[in-house]
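# Geometric and topological summary
Take a look at the letters that make up each chain.
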Amino acid sequence: RPPRIRKPDWIRVKAPTSVGFSETKALMRRLNLATVCEEAACPNIGECWTKKHATVMILGDTCTRACAFCNVKTGMPRAVDPFEPQHTADAAAELGLEHIVITSVDRDDLPDGGASQFVKVIEALRRTTPSTTIEILTPDFRNKAESAVEKIVAARPDVYNHNLETVPRLYPTIRPGARYYASLRLLESVKKHDPSIFTKSGLMTGLGEQRLEVHQVMDDMRSADIDFLTMGQYLQPTPRHAKVEEFTTPQAFSAYAAIARAKGFLLVAASPLTRSSYHAGDDFAKLREA
Ligand code: SF4
Ligand code: SF4
């Protein structure tokens, strides 16, 4: 097997050792909540948890899909936890979150794909911490997308995020269970149902995509009226996962960001360690102040 490419210097992260980190971890365990920070082996966990920023992953820690880039475990998930919505809201309150990002595994096994759990979480948050802004990062809900979006949009999250992850040519290998145009349509329909909800999507780089393919995805996103874009370097979580084809340089990320802004995105975050939820609250707060 050819050797893996060495990580460049710009992918550097601090080991998670702070008090904030331990407290965040203890809180999540006490409330029986999973986080994408841990399950996806996010490189920013030291920084984010020190500041008590965590992204809760609802509907359990086991996914019905197996995307080639993702560290979340695949299998038959457990029954939905009825306490999860209130526990999520309690976590937001205890962490003092001004902005919370909620994501989930894919639950193709559930009749509504898990949409009603998203609604319950939003309702619990509105009751418990009314001033917290809510960003949800949902799966594509496969053939249940229309009814799922309708339900979730009616609960009025502030930001609706769904990641396209990569360019359409790489879907069969990287996101085999998903369809590029279905994901785009999902985001477009959020905006059609309620134009006051901000829509957001993200891409990973380093999977073999070409620059012009990325520009085309940006155009597709803008045609679907997507407001915010995040872009970050893909990192291979284990040798079983898709390999890194290339490390995108910080300069190349800046060039992508400049092009994205010129194409009309309201918020753009693009850097090696950018993730969907990285600094999401700070960026959103700045936009609201502007
Ligand atoms: Fe968690 Fe997002 Fe921070 Fe990663 S970037 S540690 S997923 S909040
Ligand atoms: Fe990971 Fe989401 Fe794919 Fe499941 S659907 S394997 S959680 S990226």
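Let us look at the structure shown here. (Residues numbered from 1 in each chain as written. Chains lettered and ligands numbered in written order. Predicted model: local features only at pLDDT ≥ 70, side-chain atom pairs only at ≥ 80, totals over all residues. Heavy atoms only, no water.)

## Notes on the overall build of the protein
Basically, it comes down to this: Secondary structure follows DSSP: runs of H or I at least 4 residues long count as helices, runs of E at least 2 residues long count as strands, and numbering of each begins at the N terminus. Any residue under 20% of the maximum accessible area for its type is buried, any over 50% is exposed, and the rest in between are partly exposed; the area is computed with a 1.4 Å probe on protein chains only. In this description, contact between two residues means that some pair of their heavy atoms is separated by no more than 4.5 Å. Note that accessible areas follow from Shrake-Rupley with a 1.4 Å probe, and for residues the cover is restricted to the protein chains shown. His is not counted, nor are the chain ends, whereas Lys and Arg count as positive and Asp and Glu as negative. Think of each charge as sitting on NZ of Lys, CZ of Arg, CG of Asp or CD of Glu.
If you tally the helices and strands in the protein, you get 11 helices and 10 strands. By its C-alpha atoms, the protein is 45 × 45 × 45 Å across when sized along the principal axes. Burial analysis of the protein (290 residues in total) assigns 54% to the buried set. Counting only contacts in the protein whose residues sit at least 6 apart along the sequence, the fraction spanning at least 24 positions is 76%. Accessible area for the protein stands at about 13,600 Å²; split by element, carbon and sulfur atoms hold 53% of it. In the protein, 38 side chains carry a positive charge and 35 a negative one; their mean positions are 4 Å apart.

## Some points on the packing of aromatic side chains
Short version of the rule: A pair of aromatic rings is counted whenever rings of Phe, Tyr or Trp (Trp by its six-membered ring) have centres within 6.5 Å, and the orientation is called stacked for planes under 30 degrees apart, edge-to-face for over 60 and tilted otherwise.
By the definition in use, this model includes 7 aromatic pairs. With 6.4 Å between their ring centres and 80 degrees between their planes, Phe118 and Phe141 make a pair best called edge-to-face. Within this pair, whereas Phe118 is found in helix 5 (residues 115–128), its partner Phe141 is found in the loop between strand 6 (133–137) and helix 6 (145–154), the two being separated by 23 residues in sequence. In this structure, Phe118 and Phe141 share a single accessibility class: buried.

## Some words on the side chain of Glu209
Where we set the bar: Criterion for a salt bridge: a side-chain nitrogen of Lys or Arg within 4 Å of a carboxyl oxygen of Asp or Glu. Here a polar contact is taken to be a pair of N or O atoms separated by no more than 3.5 Å, where protein atoms must pair a possible hydrogen donor with a possible acceptor and residues adjacent in sequence count only if both atoms sit in side chains.
On the secondary structure map, Glu209 appears in the loop between strand 8 (198–205) and helix 9 (211–223). One buried charged residue, Glu209, remains without a salt bridge, the closest side chain of opposite sign being Arg169 at 6.9 Å. Of note is the side chain of Glu209, whose polar atom sits 2.9 Å from the backbone nitrogen of Leu207. Among all residues touching Glu209, those that are not within four sequence positions of it are Val167, Arg169, Leu170, Met204 and Val214.

## A word on the site of ligand 2
To keep things clear, this is the line we draw: In these notes, residues near a molecule or strand are those with any non-hydrogen atom within 4 Å of it. Residues are grouped as follows: nonpolar covers Ala, Val, Leu, Ile, Met, Phe, Trp, Tyr, Cys and Pro; charged covers Asp, Glu, Lys and Arg; every other residue, Gly included, is treated as polar.
The environment of ligand 2 is formed by Cys63, Arg65, Cys67, Phe69, Cys70 and Asp106. In terms of residue class, the shell around ligand 2 is built from 4 nonpolar, no polar and 2 charged.

## Overview of the pairing of strand 8
Defined as follows: Any two strands with at least two DSSP-identified bridges between them are counted as paired. By convention, a crossover is right-handed whenever its connection, traced from the first strand over the helix to the second and viewed with the strands pointing away, goes clockwise.
Counting buried positions along strand 8 yields 7 of 8 residues, so the element is predominantly enclosed. When strand 7 (residues 159–161) meets strand 8, the two strands line up parallel, connected through 3 bridges. Along strand 8, the bridge assignment pairs Asn161 with Lys200. Pairing of strand 8 with strand 9 (residues 228–233), which is carried by 6 bridges, proceeds in the parallel orientation. For Gly202, the partnering residue across the bridge sits in strand 9 and is Thr230. A crossover links strand 8 with its parallel partner strand 9, the connecting element being helix 9, and its sense is right-handed.

## Concerning the pattern of salt bridges
If charged atoms from side chains of opposite charge come close, those side chains can pair. Taken as a whole and assessed by the stated rule, the structure comprises 20 salt bridges. Arg126 is paired through a salt bridge with Asp158; the nearest N and O atoms lie 3.2 Å apart. Residue Arg126 is found in helix 5, and its partner Asp158 is found in the loop between helix 6 and strand 7; the two are separated by 32 residues along the sequence. The class of Arg126 is partly exposed, set by a relative accessible area of 28%. Here the salt bridges share partners, and the residues they tie into one network are Arg65, Asp106, Asp108, Asp140 and Arg142.

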